[in-house]
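A structural walkthrough
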Amino acid sequence: MLHRLAAVILAVGLGASTPAVAQISLDSLTGGAAAPAEDTADSGATEPEADADALAQATSEFAAAVPDLDDWRALADRVEEELNDGETTNAMLSAARDDIFAWRQRFLDLTSLNAGRIGTVQAQIDALTPTAPDATVSPAIAARLDELNAQLDALLAPGLLASEAYARANGLISEIDSELRQADTNRLWSRDASPLLPSSWALGADAIDVALNRVMRRYETRMSGGGTSGLWANLPAGIIALLAALVLLVRSPRWLLLAQTKVENSEARGRAIWALLLSVLQIGLPVLGMSLLFVALRQFGILPRSGTSVTSAVYTAGVLIIVTRWLNVQLFPKGTFNGPLGYPADVRRKVRRTGVAVGVMLAALLIVAALLLDANVASVPRSVVILPVIMLASLFLWRLGALLRHSPMADSGETGTGRVRHVVGLIYMIVAIATPVLSALGYAQAGRALFAPAVMTLAVLGGFIVLQQAITRIYAPDDSESSSLIPILVGMVLFIVLMPVTALVWGASVADLIEVWTRFRAGFQIGETVISPTDFLTFAIIFAVGFILTRFVQRSLKGTVLPRTKLDLGGQNAVVSGLGYIGITLSALIAITLAGIDLSSLAIVAGALSVGIGFGLQTIVQNFVSGIILLIERPIAEGDMIEVNGQVGFVRDISVRSTRIETFDRTDVIIPNADLVSGQVTNWTRGNMVGRLILPVGVAYGSDVELVRKLLLEIGNDHPLVIADPEPQALFVAFGASSLDFELRVILRDVNWKMIVTDEMNRGINAKLAEAGIEIPFPQTDVWLREPKKGQSQSETAPPPHPDDPGAMLTADDLDVDADPDMGQPT
């Protein structure tokens, strides 16, 4: 089979178009000689003839798919020669790369040529091939297998040749990209004379004079050539365009900002969407005004009818200033609203002004560079002229970085991003120092390549924050926490879009991004399976459809079908939850299968897992099943206060293996799910937060019982967390050993405040009883100390008999204590 496949590739590659040429290629590879045509005519269709016919068919198919194959070969040979010479310009290499890229896309599409037919023939071969390695095959089956193998070789040939051409094109593109990157690196780090040298200052002054004179000469030429007739004819249209431009540039941003602020502070429905539209118009209308301004200047003859590099630079600079102002106003707004970054008002004001100043300086740098390039000024005088602009712009950028390091307000909800702000601010302060230093040392290209992309990156990041905030406010208009995933998904999409935009800002070309995407589309290989983004997209779509269908069936069952059955609410929830697990599992399996992901290796994993379960994973499986039971029956839920195994706390998380509760000590306790299912669990807040509180109170004998009950009821009724129905109860429950025992029983509207209420009521009871003169008894112990008298024996110094002993008499001589008038006589 291998020699036939090699013959097919060689024949197609040589452009064989007849069976005879194909046969010669086959014989040259196998070591045999070509049989004369008249010798094979009598013997019927032999194997070489069948191979030749297949080769001819493959050749014709590939020729039909690539009719201009000779053009590709000529292009590839020419590019290889240019790369070997090393004298080709970057423009020529870029043009050649675009042509090769188009060819590579064609070859990539051709790699799957005859894919359907190849699959059919391969299935036929698999069906006829015996499974046992030493099995005998009948001659008829062997002949059929040879015929099918020959067909498979012929079908594979066009795709293999396309793969070879794709590999060649891919290699040429890689070589061209390497050459272009090396050229950019050399240009970036090329060093000229320092603009700080006094000898360069005169060149800079001459460069300014040349650039301004060139602009003035062009203006004088236009005015003298056009005369005044054209000016008077275009004057009305120019005045109208100028007035409209001034209104859109000067007044419309302020009007739109006031309208946006009014809409955001209103209670109108859909105010977030209208605010977003008004915010976008703050860019659109001024840009339209900029266009009308250029139209007016062309009508007056100040600007040429056709665009120049300087005109384009001025227009771009104007748009840049408009976008910069909009970003700073949106990120650091005026008034009491802290904005998405949460800076204080004084910091927002400073950042807003500094940010606009940085944008203006970048626009000035763009205009000055365009003027100097248009005048064909050399690199050294150009660096001398641009250096002051770079230094001033870097000063504003350093100030902006220092302001960004300021911590946000505590109530803004952005306190967790303080470290990120410090890092970003520090980076831009370093950029502000490095840019003028590089320019002063003669690395002007490196300095400009660092400053402009850094500022544009900050603008792109600010635009991302503004859009993310707008999307979030659409789904959470009251600045509340939204449970919708759409803002998060939109934020992820915006972040993905942000990456190629940032790459373009830092000098990457569109061709580079397309190259990365092409390589990404080619996929990556895991074992014997090649996974591409198409596979991921297929999996995501199929799984999403299955997930949506599962949720739809769940809602239908829960809302319409199950309520009409005799199942109780717990059984209905169990059915709905079980159906959800089954539906999601089936959706995942179907999506994996249709995406082409091979799961055959999971059989070995499943076998090993079953052995592990039998020996050491019984507890884990038990907890897993218990977790499913908890999720289905839901005897506890997140936020419930429960007591289990002597631990009391709030349920914070329920997983399939364990449940995490947070105790009142702010410690996390991990409880295996099996303990929650098989053990005793007390749920204090299941269904509602109402709970009972019992406070035991003891008073001295002889106290007024009714007064005590009245005081206790006053304490219970006065507390704000005690509900009125059922009302508090003050019960006289027992005669204690040294006190009359009462209980104050109240029902709290929120049992989570049980300890706080206990503390407040105990302090209130103590104050009320003390004010009423009611004593709270406590156990007392009298200690008797007796010193032996001189001459007494040990028996005479024995302690006196206890008063409760009826056979003993206690006399005054037996007592040897000091009388305390405040304490009274001992009894």
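Values in this document were obtained by computation on a predicted structure and should not be read as measured data.

A short note on the overall build of the protein
Broken down by element type, the protein carries 25 helices and ten strands. Put simply, of all contacts in the protein between residues at least 6 apart along the chain, 70% involve residues at least 24 apart. Summing over all exposed atoms, the protein offers an accessible surface of approximately 48700 Å²; the carbon and sulfur share of this is 63%.

Some thoughts on the sheet that holds strand E10 (residues 740-748)
Pairing within the open sheet is antiparallel, and its three strands lie in the order E8-E10-E9. Across the chains shown, the open sheet's two edge strands, defined by having one partner strand only, are strand E8 (691-699) and strand E9 (729-735). The mean inter-strand angle of the sheet, taken between neighbouring strand axes irrespective of direction, is 25°. Note: E9 against E10, six bridges, orientation antiparallel. For Phe735, the partnering residue across the bridge sits in E10 and is Leu740. Each of E8, E9 and E10 touches helix H24 (residues 705-718); the most contacted strand, E10, lies at about 20° to it. Where helix H25 (residues 754-772) meets the sheet, its contacts fall on E8 and E10, and the angle it forms with E8 comes to roughly 30°.

So, helix H5 (residues 69-85)
A rise of 1.5 Å per residue sets the reference length of H5, with its 17 residues, at 24 Å; its end C-alpha atoms lie 25 Å apart and thus fit the reference within 8%. By the burial criterion, the buried members of H5 are Leu69, Trp72, Leu75, Ala76, Val79, Glu82 and Leu83. The buried residues of H5 occupy an angular sector of 150° when the element is viewed end-on, so they sit on one face. Relative to its buried face, H5 has exposed residues pointing more than 90 degrees away, namely Asp70, Glu81, Asn84 and Asp85. One or two positions beyond H5, positive phi appears at Gly86, with a value near 75°.

Overview of the confidence of the model for the protein
In this model, the protein carries a mean pLDDT of 78, and residues with pLDDT of at least 70 account for 77%. Scored below 50 in pLDDT, residues 1-45 shows 60 contacts in the model against residues more than four places distant or in partner chains. Within the model, pLDDT remains below 50 along residues 804-827, and this stretch shows 20 contacts once partners closer than five positions in the same chain are excluded.

A few points about the sheet that holds strand E4 (residues 647-654)
Sheet strands associate in pairs through backbone hydrogen bonding, adopting either a parallel or an antiparallel arrangement. Strands sit in the order E6-E5-E4-E3-E7 across an open sheet of five strands; the sheet is antiparallel. Looking along the sheet, the strands with just one partner apiece sit at the ends: strand E6 (668-672) and strand E7 (681-683). Neighbouring strand axes in the sheet, compared pairwise and without regard to direction, differ in orientation by 40° on average. One ladder, built from five bridges, connects E4 with strand E5 (residues 658-663); its direction is antiparallel. Opposite Asp653, over in E5, you have Arg660 as the bridge partner.

Looking at the packing of aromatic side chains
Counted under the stated rule, the structure contains ten aromatic pairs. Measuring from ring centre to ring centre gives 4.8 Å for Phe732 and Phe742, while their planes differ by 15°; the resulting arrangement is stacked. Of this pair, Phe732 sits in strand E9 while Phe742 is found in strand E10, placing the two residues ten residues apart along the sequence. Judged by relative accessible area, Phe732 falls into the partly exposed class, the value being 32%. Taken together, the aromatic side chains of Trp72, Trp103 and Phe107 make up a single cluster linked through ring pairs. For Arg421, the ring lying beneath its charged end belongs to Tyr343, and the centroid distance is 4.8 Å.

As for unusual backbone geometry
Pro726 follows Asp725 through a cis peptide bond whose omega is 0°. On the secondary structure map, Pro726 appears in the loop between H24 and E9. Even without a glycine there, the phi angle at Asn376 is positive, about 55°. In the Ramachandran plot, Asn645 falls in the positive-phi region, its phi being about 55° despite a non-glycine side chain. Residue placement: Asn645 occurs in the loop between strand E3 (641-644) and E4. For Asn645, a relative accessible area of 54% puts it in the exposed group.

Things to note about the nonpolar core
Counting 37 residues, the largest nonpolar core has Phe332, Val351, Leu365, Leu372, Leu397 and Phe451 as the members making the most contacts within it. Elements with a contribution of two residues or more to this core: helix H9 (198-226), helix H12 (309-331), helix H13 (345-374), helix H14 (379-404), helix H15 (418-440) and helix H16 (444-475). When sequence neighbours within four positions are dropped, the list of residues in contact with Leu372 reads Ala207, Ala211, Val377, Arg382, Val385 and Ile386.

A look at the pattern of salt bridges
Under the criterion given, the structure shown has 14 salt bridges. Put simply, Glu662 and Arg652 hold a salt bridge, and the shortest N to O gap is 2.7 Å. Highlighted residues: Glu662 in strand E5 and Arg652 in strand E4, separated in sequence by ten residues. By relative accessible area, which is 32% here, Arg652 ends up partly exposed. For Glu662, the salt bridge identified is with Arg666, shortest N-O distance 3.1 Å. Salt bridges sharing partners connect three or more residues here, namely Asp77, Glu80 and Arg168.

Topic: the environment of Ile283
Within the secondary structure layout, Ile283 lies in helix H11 (residues 271-299). Here the alpha-carbon distance between Ile283 and Leu327, two residues 44 residues apart in the chain, equals 9.6 Å. With near-sequence residues (within four places) excluded, Ile283 lies in contact with Ile322, Val323 and Trp326.

Structural notes on a nonpolar patch on the surface
Taken together, the side chains of Ile582, Leu586, Leu589, Ile590 and Leu594 make up a nonpolar region of the molecular surface, amounting to roughly 490 Å² of accessible area. Along the polypeptide, Ile590 turns up in helix H20 (residues 569-594).

What counts and how
Residues numbered from 1 in each chain as written. Predicted model: local features only at pLDDT ≥ 70, side-chain atom pairs only at ≥ 80, totals over all residues. Heavy atoms only, no water. Helix = DSSP H or I, 4+ residues; strand = E, 2+ residues; numbered from the N terminus. Contact = heavy atoms within 4.5 Å. Areas by Shrake-Rupley, 256 points an atom, 1.4 Å probe, with all protein chains shown as cover. Pairing = 2+ DSSP bridges. Axes fitted to C-alpha atoms, helices over the stretch in contact; angles between N-to-C directions. Expected span 1.5 Å × (residues − 1). Buried < 20%, exposed > 50% of the residue type's maximum accessible area, 1.4 Å probe, protein only. Arc of directions from axis to C-beta. pLDDT = per-residue confidence, 0-100. Phe/Tyr/Trp six-rings, centres within 6.5 Å; stacked < 30°, edge-to-face > 60°. Lys NZ or Arg CZ within 6 Å of the ring centre and 35° of its normal. Core = buried A, V, L, I, M, F, W, Y, C linked by side-chain atoms within 4.5 Å. Salt bridge = Lys/Arg side-chain N within 4 Å of Asp/Glu carboxyl O. Patch = residues over 30% accessible without salt bridge, like charges linked within 9 Å, V, L, I, M, F, W, Y side chains within 5 Å.

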